[in-house]
Amino acid sequence: MQSPWPDSATILERSRAVFLAQWQELLRLRRAVLKTSDLNSIHDLRVASRRFRAALELFYPFLLRGKRADLRKGVRKLTQALGVLRNIDEAALFFASHDPAGMSADRSFRTALAKLRSRELQRVHACLKAFAHRRLDRALRKIVSTLDEAAIAAGYSSSIQAYFSETAAGKQQSTQQLLAGTTIPGHRTSRHSLRIAIKKWRYFLEITAPILDRDYTPSLELLKEYQSLLGRMNDIAEFETLLKKLKPPRSARHAAEGVLQTEDAYLLENFTELTRRKPLAVNSPF
């Protein structure tokens, strides 16, 4: 049996610490991408921006109105700016490992991919440099300093503990509802929606675990397994879009499309098996 939740003052103190730690990690990775532009740093920054946005959304009702909107807008733009570059890098790795009709060795394809990455990297660097991190840092610290019991009372009718419980129930329910139809081959939109819901549920647990001093490892491992597989399936759709932009030779394009279709079917088979073997029934730890 788990111990009782911490009191409200402790929860808020830990919440402020988590908020600041996630922000500092985002800023650190921003500097890393500007310095190295490598795949891992780009991916880590995008994930960090999503995690911070999840924390921002969790506490949004209790934060200073003008400053919370400014933070939301700024970090969302950062996340969006990194998406295309990440897809280009992942596509390069995918096509190199599968190598349809020698496409990875085709000079025109490699040149087109390199040019596309170069242009996108310039755009990302411009966005990162324009990111008003100093102004947003001041806004964040002001927000954190005012995240107290008075702010909770003003934004919610009950306690912070009740708010966490209600939020957890909502995220779990939405995830369960989106499961229907996700194993049907043509239902990409359903799988995309499920992936997003699972990601939000996972981030919520990761955020609240240190705040409430809880170990959600079993639930997080299951959510991560689902999210990883659904993410790879979403990548296939992104690679198809990217392939149209790159316009490789017809024979290579047809071969690549065949590889993507085969991989998509393989991943769907694995996903269907996962839903049978490990049903997504994460018992709420709240």
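What counts, and at which threshold
- Residues numbered from 1 in each chain as written.
- Predicted model: local features only at pLDDT ≥ 70, side-chain atom pairs only at ≥ 80, totals over all residues.
- Heavy atoms only, no water.
- pLDDT = per-residue confidence, 0-100.
- Helix = DSSP H or I, 4+ residues; strand = E, 2+ residues; numbered from the N terminus.
- Axes fitted to C-alpha atoms, helices over the stretch in contact; angles between N-to-C directions.
- Parallel < 35°, antiparallel > 145°, perpendicular 65-115°, else oblique.
- Left-handed = near helix turned anticlockwise from the far one by under 90°.
- Nonpolar A, V, L, I, M, F, W, Y, C, P; charged D, E, K, R; others polar.
- Expected span 1.5 Å × (residues − 1).
- Buried < 20%, exposed > 50% of the residue type's maximum accessible area, 1.4 Å probe, protein only.
- Lys, Arg positive; Asp, Glu negative; His and termini not counted.
- Salt bridge = Lys/Arg side-chain N within 4 Å of Asp/Glu carboxyl O.
- Polar contact = N/O pair within 3.5 Å; in protein donor to acceptor, adjacent residues only side chain to side chain.
- Bend = angle between axes of the 7 residues up to and from the residue.
- 1 Å grid on protein atoms, 1.4 Å probe; cavity = no way out; pocket = protein on both sides within 12 Å on 5 of 7 lines; lining within 4 Å.
- Points joined across faces, edges and corners; volume = space filled by probe spheres on them.
- Core = buried A, V, L, I, M, F, W, Y, C linked by side-chain atoms within 4.5 Å.
- Contact = heavy atoms within 4.5 Å.
- Patch = residues over 30% accessible without salt bridge, like charges linked within 9 Å, V, L, I, M, F, W, Y side chains within 5 Å.
- Areas by Shrake-Rupley, 256 points an atom, 1.4 Å probe, with all protein chains shown as cover.
- Charge placed at Lys NZ, Arg CZ, Asp CG, Glu CD.

What to know about the confidence of the model for the protein
Phase 1 of the analysis: Taken residue by residue, the protein gives an average pLDDT of 90. The fraction at 70 or more is 95%.
Phase 2 of the analysis: When pLDDT is averaged over each element of the protein, helix α8 (residues 188-212) comes out on top at 96 and helix α4 (residues 107-130) at the bottom at 88.

Looking at the packing of helix α2 (residues 39-59) against helix α3 (residues 65-98)
Phase 1 of the analysis: Running from N to C, α2 and α3 cross one another at 150 degrees; their axes reach a closest spacing of 8 Å. One way to sum up the angle between α2 and α3 is to call them roughly antiparallel. Judged by the sense of rotation from one axis to the other, the crossing of α2 with α3 is left-handed.
Phase 2 of the analysis: Class assignment of the residues belonging to the contact of α2 with α3 gives a composition of 11 nonpolar, 4 polar and 10 charged.

Details of helix α9 (residues 217-246)
Because an α-helix packs 3.6 residues into every turn, residues spaced three or four apart end up facing the same way.
Phase 1 of the analysis: The end-to-end C-alpha separation of α9 is 41 Å, in line with the 44 Å expected for 30 residues at 1.5 Å each.
Phase 2 of the analysis: Looking one or two residues beyond α9, the residue adopting positive phi is Lys247, at roughly 50 degrees.

Details of the side chain of Arg214
Phase 1 of the analysis: Looking at the secondary structure, you find Arg214 in the loop between α8 and α9.
Phase 2 of the analysis: Salt bridges are absent for the buried Arg214, whose nearest opposite-charge side chain, Asp213, sits at 5.8 Å.
Phase 3 of the analysis: Of the polar contacts made by the side chain of Arg214, one reaches the backbone oxygen of Leu212; its length is 3.3 Å.

Regarding α3
Phase 1 of the analysis: If you check α3, its first and last C-alpha atoms are 49 Å apart, about what 34 residues at 1.5 Å a residue would give, namely 50 Å.
Phase 2 of the analysis: Considering bend angle alone, the principal kink of α3 is centred on Gly83 and spans about 30 degrees.
Phase 3 of the analysis: One or two positions beyond α3, positive phi appears at Asp99, with a value near 50 degrees.

A short note on the pattern of salt bridges
Phase 1 of the analysis: Evaluated as defined, the whole model comprises 16 salt bridges.
Phase 2 of the analysis: Residues Glu206 and Arg51 are paired through a salt bridge, measuring 2.0 Å at the closest nitrogen-oxygen approach. Remark: Arg51 occurs in helix α2 and Glu206 occurs in helix α8; sequence separation between them is 155 residues.
Phase 3 of the analysis: The class of Arg51 is partly exposed, set by a relative accessible area of 25%.
Phase 4 of the analysis: Residue Arg202 is joined to Glu206 by a salt bridge in which the shortest nitrogen-to-oxygen separation is 3.0 Å. In this pair, Arg202 and Glu206 are both assigned in helix α8, 4 residues apart and thus about one turn of the helix distant.
Phase 5 of the analysis: Judged by relative accessible area, Arg202 falls into the buried class, the value being 12%.
Phase 6 of the analysis: Residue classification places Glu206 among the partly exposed residues on the basis of a relative accessible area of 24%.
Phase 7 of the analysis: Linked by salt bridges that have partners in common, Glu225, Glu273, Arg276, Arg277 and Lys278 make up one network.

Quick look at the layout of surface pockets
The gaps of empty space that remain are located by a probe, the size of a water molecule, rolled over the atoms.
Phase 1 of the analysis: In this structure, the largest pocket encloses a volume near 1,300 Å³.
Phase 2 of the analysis: Lining the largest pocket we find 44 residues, and of these Arg46, Arg50, Arg195, Lys199 and Gln227 sit closest to its centre.
Phase 3 of the analysis: Mapped onto the lining of the largest pocket, the elements with two or more residues apiece are α2, α3, α7 (160-177), α8, α9 and α10 (250-277).
Phase 4 of the analysis: Residue classes in the lining of the largest pocket are distributed as 14 nonpolar, 10 polar and 20 charged.

Notes on the nonpolar core
Phase 1 of the analysis: Membership of the largest hydrophobic core comes to 78 residues, with the highest contact counts inside it found for Phe19 and Trp23.
Phase 2 of the analysis: Broken down by element, this core gets its largest block of residues, 12 residues, from α9.
Phase 3 of the analysis: Other than its neighbours up to four places away in sequence, Trp23 contacts Phe52, Leu71, Val75, Phe131, His133, Leu136, Asp137 and Leu140.

Considerations on a positive patch on the surface
Phase 1 of the analysis: Taken together, the side chains of Lys67, Arg134, Arg138 and Lys142 make up a positively charged region of the molecular surface.
Phase 2 of the analysis: Examining the composition of the positive patch, we find that 3 residues originate from one element, helix α5 (residues 133-145), more than from any other.
Phase 3 of the analysis: You can see Arg138 is positioned in helix α5.

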